[in-house]
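Letter by letter, the chains look like this.
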Amino acid sequence: MAVDSSMSVLVVDDYKTMIRIIRNLLKQIGFEDVDEAADGSEALGKMREKRYGLVISDWNMEPMTGYELLKEVRGDEKLQKTPFIMVTAESKTENVIAAKKAGVNNYIVKPFNAQTLKSKIDAVFGD
Amino acid sequence: MPQTRRQTYDSILGHLRANGKNDPSLGDVVALARIASESMQQFIHNMDAAVNRELRGIADYIVTMKQEIGVFQANDIKDSRIPAAGQELDAVVQSTEQATNSIMECAEEILAADTSNPEAYQSLVNDKVMQIFEACSFQDLTGQRVSKVVETLQTIEKRVGRLIDAVNAKDIDGVLSMAEEQRKKRKEMLMLNGPQLEGGGIDQTSVDELFK
């Protein structure tokens, strides 16, 4: 599956500056259609209204965390195949293993750079 | 030397045996009462001294505690130091956010700039780079603010440590409110560990290894 840069990407983070950073980085690597959500529940609502080709989510958010969002997405028949990358400051091995078990496609530890983001997106889409 | 109960009992028994009577007379009863009274007086005297010592110990402990609580300066910590540290941290968050936004605005303007006119483009880039340098000066101020907070924490740490030693404090369970307990459980359940200090978490290379 090749990366389709025209697909819609949903960025989920409760820190507006981080959303802005990811949005800019995505723009630099060719993604223009980028939506945002401030937590898991808002993201879930948006995902049920619009089809996203990729979700990039933070872990630590209120009221619904990125980890809970991931489990909701993987438990939902219509959404379960959506590629999901966790971008987070949660760098304990237990977090990475739990996210992997829950079905995350890739995991980026903050702080990160454009190259890391691009390489993980490429890896998710098999490029 | 104070008489034990056994010695008192033996004295009474010895007195009765010495008189060789099964039915004690009034004199015997008075003698017994005197022995019993003497032994009780001794007992009460001993008990008074012990209770006195205990009470004096408790009073000394209370005086020491009052002194230590005074040295702890709880009101200074609650009314002055913690609120000031909170304000400093708020200011750090605010100035960091402002600086980040300024830097990002400059970068976005450079990326979106029209490159068809090299002179105008170079002028804009120079201007925006200068603004980025200016925005980076926040680091000096935030560094100073964070140092003040660290100093406050060190002061509190020293005072709490002294109080713990003075009262030989032991932690007890069940002091968290229901809301605090729920937050703690949620953090544990959802693994909300937050950013780790160096060596506390794994880096991107180790994360990648787990995905191979």
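Residues numbered from 1 in each chain as written. Chains lettered and ligands numbered in written order. Predicted model: local features only at pLDDT ≥ 70, side-chain atom pairs only at ≥ 80, totals over all residues. Heavy atoms only, no water.

With that settled, the discussion passes to the overall build of chain A. A tally of regular secondary structure across chain A gives five helices and five strands. Secondary structure of chain A in N-to-C order comes out as β-α-β-α-β-α-β-α-β-α. In summary, chain A has a C-alpha radius of gyration of 13 Å against a globular reference of 14 Å for 127 residues, a match within 12%. Oriented by its inertia axes, the alpha-carbon framework of chain A measures out at about 30 × 30 × 30 Å. Counting the 127 residues in chain A, one finds 54% classified as buried. Sequence-distant contacts, at least 24 apart, represent 64% of the contacts inside chain A between residues at least 6 apart. Summed over all atoms, the accessible surface of chain A reaches about 5900 Å², with 48% contributed by carbon and sulfur. A gap of 3 Å separates the mean positions of the 18 positive and 20 negative side-chain charges of chain A. (Helix = DSSP H or I, 4+ residues; strand = E, 2+ residues; numbered from the N terminus. Rg over C-alpha atoms; globule rule 2.2 N^0.38 Å. Buried < 20%, exposed > 50% of the residue type's maximum accessible area, 1.4 Å probe, protein only. Contact = heavy atoms within 4.5 Å. Areas by Shrake-Rupley, 256 points an atom, 1.4 Å probe, with all protein chains shown as cover. Lys, Arg positive; Asp, Glu negative; His and termini not counted. Charge placed at Lys NZ, Arg CZ, Asp CG, Glu CD.)

The complete set of buried residues in helix α4 (residues 93-102) of chain A reads Asn 95, Val 96, Ala 98, Ala 99 and Ala 102 of chain A. The arc that holds the buried residues of α4 of chain A, viewed along the axis, is 165 degrees, so those residues lie on one side. Residues of α4 of chain A that are buried in the fold lie against α3 (66-74) and β5 (106-109) of chain A together with α7 (204-210) of chain B. In the stretch just after α4 of chain A, Gly 103 of chain A is the one whose phi turns positive, near 105 degrees. (Arc of directions from axis to C-beta.)

Residue and element names in this part refer to chain B. Running from N to C, helix α2 (residues 26-72) and helix α5 (residues 138-167) point in directions that differ by 175 degrees, and their axes come no closer than 9 Å. By the criterion of interaxial angle, the relationship of α2 to α5 is roughly antiparallel. Touching Tyr 61, Met 65, Glu 68, Ile 69, Val 71 and Phe 72 of α2 are Arg 159, Val 160, Arg 162, Leu 163, Ala 166 and Val 167, all from α5. For the contact of α2 with α5, a count of residues per class yields nine nonpolar, no polar and three charged. (Axes fitted to C-alpha atoms, helices over the stretch in contact; angles between N-to-C directions. Parallel < 35°, antiparallel > 145°, perpendicular 65-115°, else oblique. Nonpolar A, V, L, I, M, F, W, Y, C, P; charged D, E, K, R; others polar.)

The next thing to look at is the nonpolar core. Residue and element names in this part refer to chain A. Counting 30 residues, the largest nonpolar core has Leu 10, Val 12, Trp 59, Leu 69, Phe 84 and Tyr 107 as the members making the most contacts within it. Every element with two or more residues in this core is listed here: β1 (9-12), α2 (40-49), α3, β4 (84-88), α4 and β5. Core analysis: the next-biggest nonpolar cluster, separate from the first, contains 20 residues, Val 9, Ile 22, Phe 31 and Ile 121 among them. (Core = buried A, V, L, I, M, F, W, Y, C linked by side-chain atoms within 4.5 Å.)

Another aspect to go through is the pairing of β5 of chain A. All names here are of chain A. The two faces of β5 match: Asn 106 and Ile 108 on one face and Tyr 107 and Val 109 on the other face are all buried. As paired strands, β4 and β5 are joined by four bridges and run parallel to one another. Note that in β5 the partner of Val 87 across the bridge is Ile 108. (Pairing = 2+ DSSP bridges.)

On to the packing of helix α1 (residues 16-28) of chain A against helix α3 (residues 74-112) of chain B. Here α1 of chain A crosses α3 of chain B at 20 degrees, and the two axes come no closer than 11 Å. In this view, α1 of chain A runs roughly parallel relative to α3 of chain B, as classed from their interaxial angle. Crossing of α1 of chain A over α3 of chain B shows left-handed handedness. Counting all contacts with α1 of chain A, which are made through Thr 17, Arg 20, Ile 21, Asn 24 and Gln 28 of chain A, the residues of α3 of chain B involved are Glu 97, Thr 100, Asn 101, Met 104, Glu 105, Glu 108 and Leu 111 of chain B. Here the contact of α1 of chain A with α3 of chain B is composed, by residue class, of three nonpolar, five polar and four charged. (Left-handed = near helix turned anticlockwise from the far one by under 90°.)

This model, assessed by the stated rule, comprises 20 salt bridges over all chains. A salt bridge links Glu 88 of chain B to Arg 145 of chain B, with the nearest nitrogen and oxygen atoms 3.0 Å apart. Taken together, the positions of Glu 88 of chain B in helix α3 and Arg 145 of chain B in helix α5 put the pair 57 residues apart, joining distant regions of the chain. According to the relative accessible area criterion, Glu 88 of chain B is buried, its value standing at 13%. The network of salt bridges with shared partners includes Asp 13, Asp 58 and Lys 110 of chain A. (Salt bridge = Lys/Arg side-chain N within 4 Å of Asp/Glu carboxyl O.)

The UniProt entry lists residues 8-125 of chain A under the feature "domain: Response regulatory" (unreviewed entry), expressed in the numbering used here. The span residues 8-125 of chain A shows a helical share of 45% and a strand share of 18%, and its end C-alpha atoms are spaced 14 Å apart. (UniProt positions renumbered as here; feature names shortened; annotations may be inferred.)

Here we take up the pairing of strand β2 (residues 34-37) of chain A. Residue and element names in this part refer to chain A. Where β1 meets β2, four bridges bridge the pair, whose relative direction is parallel. What sits directly across from Leu 10, in β2, is Asp 35. Handedness of the crossover joining β1 and β2 through α1 is recorded here as right-handed. (Right-handed = clockwise from strand over helix to strand, strands pointing away.)

So, on to the interface of chain A and chain B. With 34 residues of chain A at the interface, the matching set in chain B holds 23 residues. Here Arg 186 of chain B and Glu 68 of chain A are joined by a salt bridge, their closest N and O atoms 3.5 Å apart. Run the count over chain A and chain B and you get 16 residue pairs in polar contact (both at pLDDT 80 or more). With seven residues, the single largest contributor to the side of chain A that touches chain B is α4 of chain A. Across the side of chain A that touches chain B, the residue classes break down as 15 nonpolar, 11 polar and eight charged. (Polar contact = N/O pair within 3.5 Å; in protein donor to acceptor, adjacent residues only side chain to side chain.)

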